[in-house]
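# Notes for the structure review
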Amino acid sequence: MARWFVLILVLLIAGVGLWKYRHRPPNGEMAHPGPLDLCGANPAFALKYGMHPPLLIDTRQNDGPGLRLMEARKGGRVLQLDNWKQFGYLGPYALDKDGVIYTAPIPFVNLGGHEPGYFNRILRLDPASGQLEDWMTLPSPAPATEDNAYGVTGLAYDCTTHTLYVASVAGSDANHERGRIYHIDLKTKRILHRLDHFDALGLGLYRMRAGKRLYLGHARSPEVFSIGLKESGGFRGRKPKFEFSLAAFRDGSYDNAHRIRFTRDGRMIVKGIEFNFSLMAASDPQRNIYLLRYRAEGDKWEFVDVQSQQE
Amino acid sequence: MRRQLAWYAFLLVGAISACKGPERPVGSFPEAVLFRRGQLAAPDSIAARVALRERIQKVLQKDPPVLSLSRDDAAHPALVFAQDIALASDRVRRLCHRRKTGEAVLCAVTDVRPARPAELRKANLRGDYALVEIYNYYYNSLIKAFVDRARRSLADVKTYPGAQPAMRRDFARIARAIAYAHPRVREVWDGLGGSDVLVRVSKCERSRHLCYAVVVTPRKGDRSLWVLVDMTELDVIGYRLMPRWDPQRPQIVTERSLQNAVVGATCDQIQTDSLGDWVIHYRLTKSDGIELLDVRYQGRKVLRSAKILDWHVSYPDRKDFGYSDAMGCPVFSAAAVVAFELPEITPIVRDGQQVGYRFVQDYRSPVWPKGCNYRYQNLFEFYNDGSFRIAGVNLGLGCSNNGWYRPVFRIEPALHGRTRVEVWNGSGWRPKGREFWHLQDKGTAYSRESALFRMTGEDGNGFLIVPDRGQLTPGGRGDHAYSYFVRAHADRDEGRSNQPTFGPCCNTTYEQGPERFIADGESLDGGVVFWYVPQMKNSDRPGAEYCWVRSYVKDGYEAFHTYPGTVGPLFVPFQNGH
């Protein structure tokens, strides 16, 4: 009897050990709290045009459609190739370890002559050639309509798995929240996992002490949620957890978390704007920048400040 | 003895219940209500409000024009000295004056307290400082003056646009009084029964005013009443019933959330109003503005549908630069310029007589009137004599003073049977049997009734269509419109349904969109749809502004003087061919 007991115990320990090994962080450095997209590299083609890193990606629509690459210094050069304008106005973007820029078209002021379903796609800017091409059209739970022409609204890249998280609100309407978060393998273009019934705008990835988390800005409220991720990237559970409300912060407004970024020194930077599933446009948009700081004690986020950002 | 005690207890309970007043179920009140801005919804008899207005007027004559904080209302009375130091400085004084003109603008000290470590870090200061927080009403910004407590001198001044000030206790008392004084708010407030009242700072993101929320939470029940008070205009904006406060998941009411909740709920919902002899049905469409439907005069249908699909905006000095702006719902729509408020209906009075009703629905870009932001209106006028006007209003600002605006109207009059369309040719009415377009220009002739077109039904009843040549609106500059007459096809949409966008932004010719429905040789034999595209050029020339807006200082805060451009035809009915 004792022998059997010892055998079971040994098998149990071995099993736990194997599970932990398989779910270990892929990189020892990544085991510490921190952002998961810091491996993003500058696209190589930009150097051929005389651009000097570090570079910034600009999709503010200030001077028309497409995106721009800017040198991250005052008076820095700006690069925009003609090919980058062909898909109209662009919104979210993410940069991967190879310098590929993923982005998505958005409706701006009007649909630009496109059908509503056009905006549920991802574009890829090749780091070698600098060409922007159609990369993937996402499925939609319901047909897009003029009442909600939005498609892809948020992108976040995970260095540890070389995968992309994509928020799409395609198919949602006033009475039905049909938005989805897709987890996509960048090598195979396969949709690995999917989270349903959540309309998200900004996405951001951070490793907390307790594990990886995907942060989601809710498109229907000023709230930010998060959901735990397995090391392989799959979602833990089906329902994101409420984290905080931008409107409830001192100086906060009834904003939607449009972009969520993390810095190496433990800051969460949330860009808040007004988003109502309309094409309401404003020059000099009222953006608020919310700053939170990671607190290792408690493994949580603490609000620091919000500033109004006028352009 | 026991029986007596029981009786007294019974009376006591009864008395308490009576004192609470009748409780109307919270569910019987509308969930969210907006009140009309700029009109004194709350009576002017609130003493504290009157006193504050008087104090503001006095302060605006002083330099600096600042409402100081009293010792009684200061959270740190020992630091109130810092207020005097800050207000004596030139730097603070300059910040309470308008940059362009030097006019005094209203400021208010909202807090005097020890500066926080994070604030000192941001300001690059070390040491012991008092912070004097001053709200600038005109720029909606927060001034932070750092005063060295030991040296009793001003160290630095920083400005934070859009930042919220701390709540002043005296302002909180005034906000509560203003909220409760509004009859509709009081009805809901009292209907909640015994309750706790809290005032907190809120945000007015669109008006960029100082706003407080008065939160009334009943001791029993799962709802709270949030009343939003504009502390710049000292008026109630509206209220919303919210779930009871949950600190684990706080839900806040701001101006933006309240407006979206109220206006968003009316999207695509058909409303009906009776205006004298008129009955109008209308709805706020997703992206075609207000659509009038089934309009009747003295019981007879006169209009099937009327709407503005788009505003084409172009800037000739910038090639291919322009927009096709759709007006409409603030949520879930393809509208670029959206409704923040409900429509307003007012009487039209001329020479002391009411001659009709005016219906206005307003649409704005969120930060109008900043550059490249727009404000438009649907304007409908219904006159006692049966005539009506379908108009659009442009209130600027746009991207430059060289903007051209071309709103696209679709109007479907209700005439009996086949419609005869005629054009005035200078000497008489010339019938037009086929679909056509027409340009109103300098050479256009008008009938003695100022009409350009005539539409007549089979029963001899119809309308004269009178374009604007400046006579329909004070300061009007005429329509200069392209008109299109197209046969109505029951089996074709041709603009009937909501259009997210319609036609190119920047053509200067008749190719504005409706021409696509004109088929060569197609007869107008049947019902007719009338498309109308006026053309307006804006102007910022002083004294001759048009489709423009200017800021000015009103009681110390920023207000706007608009120079509307109004276009659109008048329909004058006739019967039996006369």
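Up top is the structure.
Below: a short report on this structure. (Residues numbered from 1 in each chain as written. Chains lettered and ligands numbered in written order. Predicted model: local features only at pLDDT ≥ 70, side-chain atom pairs only at ≥ 80, totals over all residues.)

## Quick look at the overall build of chain A
Within chain A one finds 2 helices and 20 strands. The C-alpha radius of gyration of chain A comes to 21 Å, within 12% of the 19 Å expected for a compact globule of 311 residues. In terms of its C-alpha atoms, chain A occupies a principal-axis envelope of roughly 80 × 45 × 40 Å. Of all 311 residues assigned to chain A, the portion counted as buried reaches 41%. A sequence separation of at least 24 residues applies to 49% of the contacts in chain A between residues at least 6 apart. (Helix = DSSP H or I, 4+ residues; strand = E, 2+ residues; numbered from the N terminus. Rg over C-alpha atoms; globule rule 2.2 N^0.38 Å. Buried ≥ 20, exposed ≤ 12 C-beta atoms within 10 Å, placed from the backbone. Contact = placed C-beta atoms within 7 Å.)

## A closer look at the overall build of chain B
Of the regular secondary structure elements, chain B holds 8 helices and 34 strands. For chain B, the C-alpha atoms occupy an extent of roughly 90 × 75 × 45 Å along the three principal directions. Across the 578 residues of chain B, 46% fall into the buried class. Contacts in chain B between residues at least 24 apart in sequence constitute 62% of all its contacts with a sequence separation of at least 6.

## Points about the pairing of strand E8 (residues 132-137) of chain A
Residues and elements named next belong to chain A. Two strands pair when backbone bridges link them, and strand E7 (residues 121-125) and E8 are joined in this way by 5 bridges, in the antiparallel orientation. Bridge pairing in E8 places Leu125 opposite Leu132. Here E7 folds back onto E8 in antiparallel fashion, the turn holding 6 residues, of which Gly130 has a positive phi close to 75 degrees. (Pairing = 2+ DSSP bridges.)

## Re unusual backbone geometry
Cis geometry is adopted by the peptide bond preceding Pro64(B), which originates at Asp63(B) and carries an omega value of 5 degrees. In this structure, Pro64(B) sits in the loop between helix H2 (47-59) and strand E2 (66-67). Following Trp368(B), the chain continues into Pro369(B) via a peptide bond in cis, with omega recorded as 10 degrees. Among the structural elements, Pro369(B) can be located in the loop between strand E19 (353-364) and strand E20 (374-383). Its identity is not glycine, yet Lys189(A) carries a phi of approximately 65 degrees, on the positive side. With respect to the element layout, Lys189(A) can be found in the loop between strand E11 (180-185) and strand E12 (191-195). Exposure remark for Lys189(A): the 11 C-beta atoms within 10 Å place this residue in the exposed category. In the Ramachandran plot, His480(B) falls in the positive-phi region, its phi being about 45 degrees despite a non-glycine side chain. Looking at the secondary structure, you find His480(B) in the loop between strand E27 (462-466) and strand E28 (482-487). Taking the number of C-beta atoms within 10 Å as the measure of exposure, His480(B) has 20 and is therefore buried.

## Some details on the interface of chain A and chain B
Listed by partner, the interface residues are 31 residues for chain A and 37 residues for chain B. Looking at the side of chain A that touches chain B, the elements that each hand over two or more residues are strand E16 (241-245) and strand E20 (300-309) of chain A. A class-by-class count of the residues in the side of chain A that touches chain B yields 14 nonpolar, 10 polar and 7 charged. (Nonpolar A, V, L, I, M, F, W, Y, C, P; charged D, E, K, R; others polar.)

## Observations concerning the packing of H2(B) against helix H6 (residues 169-181) of chain B
Residue and element names in this part refer to chain B. Relative to each other, H2 and H6 sit at 125 degrees, their axes nearing to 8 Å. Here H6 runs oblique to H2, going by the angle between their axes. As for the relative orientation of H2 and H6, their crossing is left-handed in sense. Along the contact surface, H2 presents Ala48, Arg49 and Leu52, while H6 presents Arg173, Ile174, Ala177 and Ile178. Of the residues belonging to the contact of H2 with H6, the class tally is 5 nonpolar, no polar and 2 charged. (Axes fitted to C-alpha atoms, helices over the stretch in contact; angles between N-to-C directions. Parallel < 35°, antiparallel > 145°, perpendicular 65-115°, else oblique. Left-handed = near helix turned anticlockwise from the far one by under 90°.)

## Details of the sheet that holds strand E10 (residues 235-243) of chain B
In any sheet, the strands associate via hydrogen bonds between backbone groups, in a parallel or an antiparallel arrangement. Residues and elements named next belong to chain B. As summarised here, the arrangement of the 5 strands in space is E1-E10-E9-E8-E7, forming an open sheet in which the pairing is antiparallel. Edge positions in the open sheet fall to strand E1 (32-34) and strand E7 (195-203), since each of these has one partner strand only. Between one strand axis and the next, the sheet turns through 20 degrees on average, direction left out of account. Docked against the sheet, H6 engages E7, strand E8 (210-218), strand E9 (223-230) and E10, running at close to 65 degrees with respect to E8.

## Details of the sheet that holds strand E5 (residues 141-148) of chain B
Residue and element names in this part refer to chain B. Read across the sheet, 5 strands follow the order E2-E3-E4-E5-E6 without closing on themselves; strand pairing throughout is mixed. Of all the strands in the sheet, the pair left with one neighbour each is E2 and strand E6 (153-161). Of the strand pairs in this sheet, strand E4 (residues 129-136) and E5 are connected by 8 bridges, and their pairing is antiparallel. Within the sheet, the bridge partner assigned to Ile134 lies in E5 and is Ile143.

## Overview of helix H7 (residues 183-191) of chain B
Residue and element names in this part refer to chain B. Those residues of H7 lying buried are Val185, Val188 and Trp189. All buried residues of H7 fall inside an arc of 100 degrees around its axis, so they share one side. Every exposed residue of H7 that faces more than 90 degrees away from the buried side is listed here: Pro183 and Glu187. Directly after H7, the chain includes Gly193, whose backbone phi takes a positive value near 75 degrees. (Arc of directions from axis to C-beta.)

## Some details on the pairing of strand E14 (residues 211-218) of chain A
All names here are of chain A. With 7 of its 8 residues buried, E14 lies for the most part within the structure. Relative to E14, strand E13 (residues 200-208) runs antiparallel, the two sharing 7 bridges. In the strand pairing of E14, Ala200 is matched with His218. Linking E13 back to E14 in an antiparallel pair, the connection comprises 2 residues. Connecting E14 to the antiparallel partner strand E15 (residues 223-229) that follows it, the hairpin turn spans 4 residues.

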